[in-house]
Amino acid sequence: MDLSGIASNINYRYQRSSRMQIGGAVSGLDTQAIIEKLIEVESIPLQRLNDKYLQYVNLQKAYRKVSDRVRDFNTYISDFSLQTNLIPKTASSSNNNVLTATAAASAQDGVYNIQVNSLATNSTFVGTKLGKNIASTDTFADIDTRYNPVNSQVKIKIGSSETTFNVGQSDTINDIVTNLQSALSSLGANANVSFDETTGRLNITSDKAFQISNVSGNFTFVFRLNDANLKQQGSNYILESSGDIGVYSPYKTLANLGISSDKTLTINDKNITVKSTDTINTVIQKINTNVQDVRAIYDDKTGKIVLTSKTTGDNMINVSGDSDLLSALKLDTGTFTLGQTAQVSVTLNGYTETITSKSNTLTYNGLTINLAATGSATVTVGTDRDKIVEKVKDFVNKWNELVDFLYTKLTEKKVRGKSEEQMNEDEKLQGLLENDSLIRRIFDRFRSFLTTQIDGKTLNDLGIASGDSGKGFQNTMRGRITLDEEKLKKFIDDNGTDAVWKFFGNTEGYKGLGIQLKEYSYNLSKFNGEIDTVAGTSGRLEREKRILSKRMVTMMSYIEKKEQQLWAKYSTLESALAKLQAQGGFMAQAFAQRK
């Protein structure tokens, strides 16, 4: 008989005999069938123990489903009973461009007049330009801060017409400006080409849309026109260098800047070691990795290293280190600007209070104000009564879901007419908790909360009824509740907008109903809680399973030995019959020879 299914249930090491057993060769008996029947009789007590073991397993699963439902309710009721949820506030700003606001449950209803006097800003440290100051008289070859200038042929196209001109390394910027202007004019454009020595940018303005590109060389890259966008401004089209053509590329190494050995840069007391092979980008990355309160960027449009405090307010940015390194990075002549704090004036009921904050998000008596610009706005705070009603309605639904589940478990019947193999998981568990004493106790305890008085008030005062007189009291029996929304609204109007929270969530002087439900559901579903002591890993059912497992192991060992003994006996019988048959044959042969 195969005991592997039972062995698997209790993690018993069992291997069915792999020996080939041949019975009845001499006797003609179906030895295997006989032994199977005998072992089947011997294993009846084991099967009963296994059935009991599986019953405990399924019972544990059924209890855990109850525990999961109660835990879900605990999660819900913990959130529901919070003051913020039961006193929902609305806060609307008259000018969202200046500020927005949200109100906590503790915020006073009313109209707040708010004047934003200043915003909080970040502290900054801005270095000076890394690169050359390019003049109009400089040659094309002098603009080597990002690329090595190469003699170029440049094409300009307007519509279907195009022309080209050459740019040599000895050409000055003035020469290039003149050539550009002439080329555009030859294509019928009214154009103005200029170079701004202050910003280091080439500007091309034309009354006709145009395209400029390299036929050969790298002119557009040197003058930073390759990544610039043609813009329309009125009737004119403008193309301007995307940045100062004299600033260094972020891929320049410190060696290119004159640094020949390892150096130290210190920002806000954090030492950063840099190497001569590090690029400007690498230095920026090292600053951001090592300095937690400052963010660094290299603005390759202007060629400046910019350090910005990560938080707003009056934060210091101290820069020091090896003097030659500071000079090479142009941080020795940088400009520090201290961040400012936000300041607002709030007037409520004729009283004005001034608030300062390092952040542009500040709080005032439960009102959270998010600043966007200076100016004035009014914020109207009120309590959303309809939202309170929705919250209570949701509580009623969640309550009914829980008690319906518990009532169903107490009253449902087992599935009939199906074998264990034909049933799904839910069907196997159905009816196991019918009239269960623990579930009955839990159900009755939950139902008893419906009559609890909280500060002299009951659920009925809030419009929550727990009975249906004249209809067989089915709701009362099942623990279901219903909500009269109009009665709840009147309760709120008569007792104040915080009355529902005081009933469900208050913890000062007495515990609200929601708090009591939260504590009870937690004690039921927690580790080593009431349900866990029965169905948990150290609970009563697990102990019963261990006792059954030991008995089943002993019984399985006995049956295995019994099966071996039976095979041994029948093998002996077959051997004896074989010998007897051989002797009979010998005697018959002997008698035949004497004739």
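The shown structure was predicted, so the numbers you read here are calculated from the model rather than taken from an experiment.

A.B. asks: Which parts of the structure should I look at to understand the sheet that holds strand β7 (residues 191–196)?
C.D. replies: Each strand in a sheet pairs with its neighbour through backbone hydrogen bonds, running either in the same direction (parallel) or in the opposite one (antiparallel). Judged by pairing direction, the sheet is antiparallel, and its 4 strands sit side by side in the order β7-β8-β11-β10 without closing on themselves. The sheet is open, and its two borders are formed by β7 and β10 (231–233), each paired with just one other strand. This sheet shows a mean twist of 25° between the axes of neighbouring strands, independent of strand direction. One ladder, built from 6 bridges, connects β7 with strand β8 (residues 201–206); its direction is antiparallel. Within the sheet, the bridge partner assigned to Phe-195 lies in β8 and is Leu-202. Each of β7 and β8 is contacted by helix α5 (residues 173–186), which is oriented at about 165° to β7, the strand it contacts most.

A.B. asks: What is the right way to read empty space enclosed by the protein from this model?
C.D. replies: Summary: where empty space remains is shown by rolling a probe the size of a single water molecule over the atoms. Counting across every chain of the model gives 1 cavity of 30 Å³ or more. What lines the largest cavity is simply Ala-62, Lys-409, Glu-412, Leu-429, Gly-431, Leu-432 and Leu-433. Residues that form the lining of the largest cavity fall into these classes: 4 nonpolar, 1 polar and 2 charged.

A.B. asks: Would you take a moment to explain unusual backbone geometry for this structure?
C.D. replies: Excluding glycine, most residues fall at negative phi; most peptide bonds, likewise, are trans. You will see that Asp-269, though not glycine, has its phi angle at about 70°, which is positive. Note that Asp-269 resides in the loop between β12 (263–267) and β13 (270–274). Classification of Asp-269 by relative accessible area gives exposed; the value is 74%.

A.B. asks: Looking at this structure, I do not really get the packing of helix α11 (residues 437–448) against helix α15 (residues 513–525). What am I missing?
C.D. replies: Describing two packed helices takes the angle between their axes plus the distance from one axis to the other. Between α11 and α15, the shortest axis-to-axis distance is 11 Å and the interhelical angle comes to 170°. Classed by the angle they form, the pair α11 and α15 counts as roughly antiparallel. Every residue of α15 that contacts α11 at Arg-441, Ile-442, Arg-445 and Phe-446 is listed here: Leu-517, Tyr-520, Ser-521 and Leu-524.

A.B. asks: Please clarify how the nonpolar core should be interpreted in this entry.
C.D. replies: Side chains of nonpolar character tend, in soluble globular proteins, to be buried together. Judged by nonpolar contacts, the single largest core of 61 residues is most densely connected at Tyr-63, Phe-395, Trp-399, Phe-446 and Phe-504. Counting residues per element, the ones that place at least two in this core are α3 (44–80), α9 (385–411), α11, α13 (485–495), α14 (499–504), α15, α16 (532–535) and α17 (540–594). The dominant element in this core, judged by the number of residues it contributes, is α3, at 13 residues. Counting 30 residues, the second-largest nonpolar core is a separate cluster that includes Val-154, Ile-158, Ile-173 and Ala-228.

Thresholds, definitions, all that
- Residues numbered from 1 in each chain as written.
- Predicted model: local features only at pLDDT ≥ 70, side-chain atom pairs only at ≥ 80, totals over all residues.
- Heavy atoms only, no water.
- Pairing = 2+ DSSP bridges.
- Helix = DSSP H or I, 4+ residues; strand = E, 2+ residues; numbered from the N terminus.
- Axes fitted to C-alpha atoms, helices over the stretch in contact; angles between N-to-C directions.
- Contact = heavy atoms within 4.5 Å.
- 1 Å grid on protein atoms, 1.4 Å probe; cavity = no way out; pocket = protein on both sides within 12 Å on 5 of 7 lines; lining within 4 Å.
- Points joined across faces, edges and corners; volume = space filled by probe spheres on them.
- Nonpolar A, V, L, I, M, F, W, Y, C, P; charged D, E, K, R; others polar.
- Buried < 20%, exposed > 50% of the residue type's maximum accessible area, 1.4 Å probe, protein only.
- Parallel < 35°, antiparallel > 145°, perpendicular 65-115°, else oblique.
- Core = buried A, V, L, I, M, F, W, Y, C linked by side-chain atoms within 4.5 Å.

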